[in-house]
Amino acid sequence: MSSSFPHQKASVPDQYDGWARIYDFFWRRYMNQTLPVAQQTAAVEPGERVLDLACGTGELLHRIALDTPAAELTGVDLAPAMVERARTKLAGEADVRIEKADAHGLPFDDGAFDVIVCASTFHYFTHPQAVLEEVHRVLRPSGRFVVLDWCRDYWTCRTMDALLQRVDPAYETCYTLGELKDRMRPANFEVQDAFRYRFDLVWGMMGAEARTPPRP
């Protein structure tokens, strides 16, 4: 595990501890418009080891468990209340563990996972390159990394980005699709697919699937 990277802002777990009880209800439509996209892009196969980075209430892992019950699922989140909600939601599933951990320093061995998914969280990372390096470290060679997040290519997200940077102490910034791909390359990821889509009046989303290089 890497310990040299700065940790996430303390305001992030504080904020999401407050959201934990109502998150699934309040954000249900948003999750129904985003998590299936992340799940389809990840295309988890039976037996694969999957990490959900900043898993929140564990909803994405729950959906993967229903579709691919033979996968080995792990989730990490900084907010203790979110961790407890995810553990409760997934208590009946085999091969699932949820841990409190910071994405800037993951408590896993090198090459521990086949697939890592990060859904609607990249805009909170204070040091995204450090997170990408950690993701690369804990992915096996040729492992898949899927990011789904807000996209600043859309004017609605540019407006939201400017507002949240002023009023939300937990928020960092969202990126354009080009900026996301540019950040992945120095961390030695090969971007395989990248796309954008929008729904409702506000949400402009982007997604990318990247892979670590195979062994020589």
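In the block above lies the structure referred to throughout.
Computed from a predicted structure; not experimentally measured. (Residues numbered from 1 in each chain as written. Predicted model: local features only at pLDDT ≥ 70, side-chain atom pairs only at ≥ 80, totals over all residues. Heavy atoms only, no water.)

Trainee: Quick one: what's the story with the overall build of the protein, residue by residue and with numbers?
Mentor: Secondary structure summary: the protein contains 8 helices and 7 strands in total. By principal-axis analysis of the C-alpha atoms, the protein measures approximately 40 × 40 × 35 Å. Sequence-distant contacts, at least 24 apart, represent 72% of the contacts inside the protein between residues at least 6 apart. When the accessible surface of the protein is totalled, it reaches about 9,900 Å², and 51% of it is carbon and sulfur. If you average the places of the 24 positive and of the 31 negative side-chain charges in the protein, the two averages end up 4 Å apart. (Helix = DSSP H or I, 4+ residues; strand = E, 2+ residues; numbered from the N terminus. Contact = heavy atoms within 4.5 Å. Areas by Shrake-Rupley, 256 points an atom, 1.4 Å probe, with all protein chains shown as cover. Lys, Arg positive; Asp, Glu negative; His and termini not counted. Charge placed at Lys NZ, Arg CZ, Asp CG, Glu CD.)

Trainee: Summarise the nonpolar core; cite the residues concerned and give the values.
Mentor: Note that soluble globular proteins tend to have their nonpolar side chains buried in a common cluster. With 40 residues, the main nonpolar core has Leu73, Ile98, Val117, Trp150, Trp203 and Met205 as its most contacted residues. The set of elements that each furnish at least two residues to this core consists of α3 (28-42), α4 (59-67), α5 (80-89), β4 (113-119), β5 (139-150), α7 (155-167), β6 (190-199) and β7 (203-211). With 5 residues, α3 is the largest single contributor of residues to this core. Formed by 31 residues, the second largest nonpolar core is a distinct cluster that contains Val135, Leu139, Tyr175 and Leu177. (Core = buried A, V, L, I, M, F, W, Y, C linked by side-chain atoms within 4.5 Å. Buried < 20%, exposed > 50% of the residue type's maximum accessible area, 1.4 Å probe, protein only.)

Trainee: Any chance you could break down the side chain of threonine 212 for me, citing the residues and the numbers?
Mentor: Examined against the element boundaries, threonine 212 turns out to sit in the segment after β7. Exposure remark for threonine 212: the relative accessible area of 4% places this residue in the buried category. Polar contacts involving the side chain of threonine 212 include one to the main-chain carbonyl oxygen of arginine 140, which spans 2.7 Å. In this structure the side chain of threonine 212 is engaged in a polar contact, spanning 2.9 Å, whose partner is the backbone nitrogen of glycine 143. Beyond its immediate chain neighbours, meaning those up to four positions away, threonine 212 contacts His136, Leu139, Arg140, Pro141, Ser142, Gly143, Asn188 and Phe189. (Polar contact = N/O pair within 3.5 Å; in protein donor to acceptor, adjacent residues only side chain to side chain.)

Trainee: Lay out the pairing of β5 in plain terms, naming residues and giving numbers.
Mentor: Among the 12 residues that make up β5, 9 are buried, leaving the element largely enclosed by the rest of the structure. Across 6 bridges, β4 lies against β5 in parallel orientation. Note that in β5 the partner of alanine 119 across the bridge is leucine 148. Across 7 bridges, the pairing between β5 and β7 is antiparallel. The residue of β7 that forms the bridge with valine 146 is glutamate 209. (Pairing = 2+ DSSP bridges.)

Trainee: So, the packing of aromatic side chains: which residues are in play, and what are the values?
Mentor: As enumerated under the stated definition, the model contains 15 aromatic pairs in all. An angle of 35 degrees between the planes, with centres 5.4 Å apart, marks the rings of phenylalanine 145 and phenylalanine 189 as tilted. Residue phenylalanine 145 is located in strand β5, and its partner phenylalanine 189 is located in the loop between α8 (177-184) and β6; the two are separated by 44 residues in the primary sequence. Across the pair, phenylalanine 189 and phenylalanine 145 agree in class, each one buried. Ring centres of tryptophan 150 and tyrosine 171 lie 6.1 Å apart, and the angle between their planes is 25 degrees; on these two criteria the pair is classed as stacked. A residue pair is termed long-range when its members are at least 10 positions apart, and tryptophan 150 in strand β5 and tyrosine 171 in the loop between α7 and α8 qualify at 21 residues. Here tryptophan 150 matches tyrosine 171 in class, with each residue buried. Taken together, Tyr23, Phe26, Trp27, Tyr30, Tyr124, Trp150, Tyr171, Phe195, Tyr197, Phe199 and Trp203 form an aromatic cluster joined through their ring pairs. (Phe/Tyr/Trp six-rings, centres within 6.5 Å; stacked < 30°, edge-to-face > 60°.)

Trainee: Give a detailed account of the layout of surface pockets, specifying residues and quantitative values.
Mentor: Approximately 670 Å³ is the volume found for the largest pocket. Contributing to the lining of the largest pocket are 37 residues, with Tyr16, Tyr23, Ser120, Thr121 and Tyr124 lying nearest its centre. Its residues placed into classes, the lining of the largest pocket shows 24 nonpolar, 8 polar and 5 charged. (1 Å grid on protein atoms, 1.4 Å probe; cavity = no way out; pocket = protein on both sides within 12 Å on 5 of 7 lines; lining within 4 Å. Points joined across faces, edges and corners; volume = space filled by probe spheres on them. Nonpolar A, V, L, I, M, F, W, Y, C, P; charged D, E, K, R; others polar.)

Trainee: Please give an account of the side chain of glutamate 134 that cites residues and values.
Mentor: On the secondary structure map, glutamate 134 appears in helix α6 (residues 128-138). Classification of glutamate 134 as buried rests on a relative accessible area of 2%. A distance of 2.6 Å separates a polar side-chain atom of glutamate 134 from the backbone nitrogen of leucine 106.

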